[in-house]
Each structure stands twice: as C-alpha cells, then as structure tokens.
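# Observations on chain architecture
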Amino acid sequence: MQNGSANGLPPLQEVESDLQLPTRADVVVIGGGIVGVSAAYSLARKGHSVVLLEKGRVAAEQSGRNWGWCRKQNRDERELPLAKHSMELWETLAGEIGADMGFRPTGLIYVTKDKDTLAAWEDWARMAQGYQVHSRILTADEARALTPGNEQNWIGGVHAPTDGRAEPSMAAAALAEAARKLGVQLFQGCAVRGLETSGGRVSGVVTERGRIAASAVLCAAGAWSSMLCRRHSISLPQAGVRSTVFCTTPAAEVTPGGLVTPDFTISRRLDGGYIIAANDRGRLEVTPQGLRYAREFWPMFQTRRKSLKIGFGKAFFDGPETIRGKWPLDRPSPFERHRIYAPPPDTSIVQPALDRVISTYPALQGMQMARAWGGWIDCTPDSVPVISAVDKLPGFFLATGFSGHGFGIGPGAGRLAADLIAGDAPIVDPTPFRYARLVDGTALGKPGMM
Ligand SMILES: Cc1cc2nc3c(=O)[nH]c(=O)nc-3n(C[C@H](O)[C@H](O)[C@H](O)COP(=O)(O)OP(=O)(O)OC[C@H]3O[C@@H](n4cnc5c(N)ncnc54)[C@H](O)[C@@H]3O)c2cc1C
C-alpha cells in the first residue's frame, strides 16, 4: 500500500491493523480520519464493541494533509461550543492516552491591513465573549510587536493565545492506537462497499473482506461520504475544494505557532520546518457531484468567489465526486480504486509563496520546499459539518462535511457522534449539525465561516 510520502505527505505514523474481521459489532465506523478515529475511541470508552474500517491508511486523506490548526478563533458561532470542547480535549487527550498527538498551545496570530477584515474580527470577538472565548484584538502597534521581523503597516490583528496546532502525521494515529487498546478492532485497506438494511433500518456493512452485522453504522468517510450515501438513496450535498500546501526544511523560528497575513499563512511544525499556504488559492473543481448540488452551493460560491478558482480536470472523471449509481456489493467498489485519494498539488503556487515568505523574513534565507501535496476539502453548503442521525434510515449516522476545519474540531466531533449513537446526553447541543437542514432547505443561503 502507498505510504504517506508516496503521496507527497510527510511520513505518517504507522498503526497496526487487526487480522480477523469479526462478523458482528455494536457499531461500525467507516473512515479512519480524525473524526472516525475519535468516534471509535469515544464509543469504546462508553463500553461499546466497535469496528473501525479504513479503505487506505489512518489519516492518509484530509486528516494527514492539513495545517494542523486547532482553534476557536474565527469559528462559526454554530461551532463554537464544539470547538471549545475540542480544545479541552486537545489539552487533555495526550495525557489520557499516554501518547503525544503533537498538540502545542502556541497561540495563533492574524494580522491585516484591511479595515473590513479587522471590523469582522472585532464583531467575532464580541460574539465569542458570550461563549467565554476571549481573543485579544490587536492594535497596530501590538500587531507589529507580535510579528517581529515582519513589521508591516498592519492596522491591527487578533491573537488567540490558547489556540495552537497539532501534528496531522501523529494525531489520528495516536488516537487510533489508543482506541485499539480499548478494544476497537481496526482494519486498514478494508473498504466498505455499502450498507446492509433489514426491516427499514441499518443492519450492517458489506466490506471487501466480508460482512459485519451492526445495529449502528457511522459514516465518517470525509469526501467519500456523499457517494456512499447516494448508493443508498440518501442525498448529501457535498462539494470538494482542492487545496495545496507544502512544508519546508527546518529553519529559524520566526513565529511559534501559526500566523495569518494577507499574503500567506505559516505554521511552525514540530520538526522545525513550516507548513506554508498561499492565501486565497482554493480550487473548486467542476465535478458531476458538484453540478448535481450546484443550487445548494450557489450562495457559498458567491460569498467565496474571490478566494476560489474554478477548474476542470481529472476529478470530473475519477475520484469521490464522479456520478455512480448503485454498484453491486459483491464486486470492487469505487472506494477500492482510490485507497488514498491524493489530488495533485498546484505546484505553480509553491515557489512564489516560498519567495514571499523568505522576502518577508530574511532570517529564513536558504529554507527550501521539502514536500508539496494536495488535499480534497469536503464542504457542505453552509460550511458547517453534519453530525447527526439520518431519520430515513434508523441506525445510520453521519459525521462528515467538515468544510476545511475539521481537524481541530475532530476530537469533539467524534465524541458528539458517539454520544448520539449511544443515546447519551450530547456534549453540546447537536441541533446546528443536524442532517435534515441540508435537505429541507433550512441551510440554504447561510454560508458560515471556513
Ligand atoms: C490542505 C488542507 C488544510 C487544512 N487545514 C486545516 C486546519 O489547519 N485545521 C483544521 O481544523 N482543519 C483543516 N483542514 C480540514 C481537515 O483536514 C478536515 O476537515 C478533517 O481532517 C476531516 O476529517 P475526517 O475524519 O472527516 O475526514 P478524512 O480525514 O478525509 O477521513 C475520511 C476517511 O474515510 C476513508 N473512507 C472513505 N470512504 C471509505 C469507505 N467506503 N470505506 C472505508 N474507508 C473510507 C478515507 O480513506 C479517509 O481516510 C484542512 C484540510 C486540507 C485539505
């Protein structure tokens, strides 16, 4: 099987799989990203028997391809309680599982020269105070003081001192190991081809290695969730944005955590290099699935049109958003054709972004690009995830559509999904994440924050 570096990624921490596929479990979780792993861990802590199925490798898709930001700052209000809970988990999980997930509360800094941007941050900070989240709005002088070596004519900024970053190459894998210690059975290289139903409710899954009976199934399949749902006549509006990032060779520390400027975003990695992203360069690929849900995504597209390029490429024919009808469950499914979906990075942005960072920070002279990779971000029409039961198919649950910010919120999202499946009091109010909003029209026209 491909490893992380074969896909451009820094090497991912390995997790062992179990050998013998069981015939039954209380809950089957589909998808070994941060969300599925966290849900499996939380369910096991509650005493349920859990099987976690991953078509490729733990964290080889979005959860290993991101910047690693874990934040409350600039979260959509609907996500703020869950983001707060997730940040508490990032602080405590490593101690609980006895393994480093790479989380460091280094603080995150945003600076700007634009009055409207600053006003939006001020509005956000006022709103967030109602949730006991206290970000510090920065004056021009404070913004300059927090960005030594990059003292431009910022008019201000915002500093989230308790936010930070975790290492995508470590976090989900460490939690998966912990889940296994609690009895979760993990199978990598094992795609779920589809669901089994009986008497109008979910009764299990069909995998490429056999069937598993279960009274509850959680789909945490990231960008593949809509395709899986469509196989079972469940409509899930999802659209992918292709994003490019790269990491660098180790270099001097110019910022301890993450810094957003109008020109680039840099994040300090534990190995002393940086992850760099050129701002405003996501690519919305035209795909059959995107066309199918064009009406639902139109308001989001209008809001973000300046930050999205539209493109037509391979993703139209091959990948998670091609149209598929009902493939038979006794033959290889689309999921097996893409063990690890690794969209190609847009290499044209790498050198200009690196040059911009180095010209801003002369101390970084000599720093080079180490690896570049692409990631496929699974968005919903309102940029808020779905963490919910699906009423029309009892026993079937979704935790997906994290719209480019699911890594930081992943531990809480998995916990919330586990609460819903177990029928326990949910850790936060799940109403904003209900599936029904995407199909009854109540989400349309309300794109949230990315
Ligand atoms: C470039 C980039 C930067 C980002 N930066 C940040 C950031 O800084 N902070 C942040 O919070 N978020 C960030 N995100 C978003 C974040 O990475 C995602 O929201 C999050 O990782 C989603 O986790 P997940 O578990 O839902 O999905 P994934 O990590 O995509 O996991 C889903 C898994 O399901 C598996 N799967 C799919 N179908 C099947 C099947 N049929 N059978 C078995 N397995 C299946 C897939 O192989 C995959 O491993 C970024 C994303 C990208 C691409």
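Here the residue index of a chain counts from 1 through its sequence in written order. For a predicted model such as this one, the threshold for reporting local features is a pLDDT of at least 70, and the threshold for listing and counting side-chain atom pairs is 80 or more; totals across whole chains, interfaces and linings nevertheless cover every residue. To obtain the side-chain values, all non-hydrogen atoms of the structure were used and water was disregarded.

Numbering of helices and strands runs from the N terminus; a helix is a DSSP stretch of H or I covering at least four residues, while a strand is a stretch of E covering at least two. Locating Thr112 in the fold gives a position in strand β4 (residues 108-112). Think of it in three bands: with a 1.4 Å probe and only protein chains considered, a residue is buried below 20% of the maximum accessible area for its type, exposed above 50%, and partly exposed in between. The exposure class of Thr112 is buried, given its relative accessible area of 5%.

Turning our eyes to something else, we now look at the site of the ligand. Around the ligand, 34 residues are found, and the nearest of them are Glu54, Ser63, Trp69, Gly406 and Gly408. As used in this structure description, the phrase polar contact means that two N or O atoms lie within 3.5 Å; if the pair is within protein, one of them must be able to donate a hydrogen and the other to accept it, and residues adjacent in sequence are counted only when both atoms belong to side chains. Contact distances for the ligand include 3.3 Å between an oxygen atom and a backbone N or O atom of Ile34. Between Ser63 and the ligand, the recorded distance is 2.5 Å, taken from a side-chain N or O atom to an oxygen atom. Counting only elements with at least two residues in the shell around the ligand, the list comes to α1 (34-45), β2 (50-54), α2 (62-65), β18 (369-379) and α12 (406-422). All residues other than Ala, Val, Leu, Ile, Met, Phe, Trp, Tyr, Cys, Pro, Asp, Glu, Lys and Arg, Gly among them, are scored as polar; the first ten of these are nonpolar and the last four charged. A class-by-class count of the residues in the shell around the ligand yields 16 nonpolar, 14 polar and four charged. By convention in this text, a residue qualifies as near a molecule or strand provided that one of its non-hydrogen atoms is within 4 Å of it.

A few words now on the environment of Val28. Its place among the elements puts Val28 in strand β1 (residues 24-30). Taking the C-alpha atoms as reference, Val28 lies 6.0 Å from Leu52; in sequence the two are 24 residues apart. In this structure Val28 touches Val51, Leu53, Val205, Ile212, Ala214, Ala216, Val217 and Leu218, once residues within four positions along its chain are discounted. Here, two residues are considered to be in contact whenever any of their heavy atoms come within 4.5 Å of each other.

Empty pockets left among the atoms are what a rolling probe the size of a water molecule brings to light. By volume, the second largest pocket amounts to about 280 Å³. Every definition here rests on a 1 Å grid over the protein atoms only: cavities are sets of points where a 1.4 Å probe fits but cannot get out, pockets are open sets enclosed by protein on both sides within 12 Å along at least five of seven lines, and lining residues have some atom within 4 Å of a point. Lining the second largest pocket are 17 residues; nearest its centre among them are Leu284, Gly290, Ala294, Phe297 and Ile310. Breaking the lining of the second largest pocket down by element, the ones donating at least two residues are β12 (239-248), β16 (282-285), α8 (288-292), α9 (294-304) and β17 (308-311). Ranked by the residues each element gives to the lining of the second largest pocket, the list is headed by α9, at five residues. Grid points are joined across faces, edges and corners, and a volume is the space filled by probe spheres set on the points.

By the secondary structure assignment, Gly32 is in the loop between β1 and α1. Along the sequence, Gly32 and Ala60 sit 28 residues apart, while their C-alpha atoms lie 8.5 Å from each other. The residues touching Gly32, leaving out its near neighbours within four places in the chain, are Val37, Leu52, Leu53, Glu54, Val58 and Ala59.

To continue, consider unusual backbone geometry. Phi at Ser233 takes a positive value of approximately 60°, unusual for a residue other than glycine. Here Ser233 shows up in the loop between α7 (225-231) and β12. We classify Ser233 as partly exposed; its relative accessible area is 44%. We note that Ser383 has phi near 60°; this positive angle belongs to a residue other than glycine. In this structure, Ser383 sits in the loop between β18 and β19 (386-389).

Function cannot be read off these values alone, since they describe shape.
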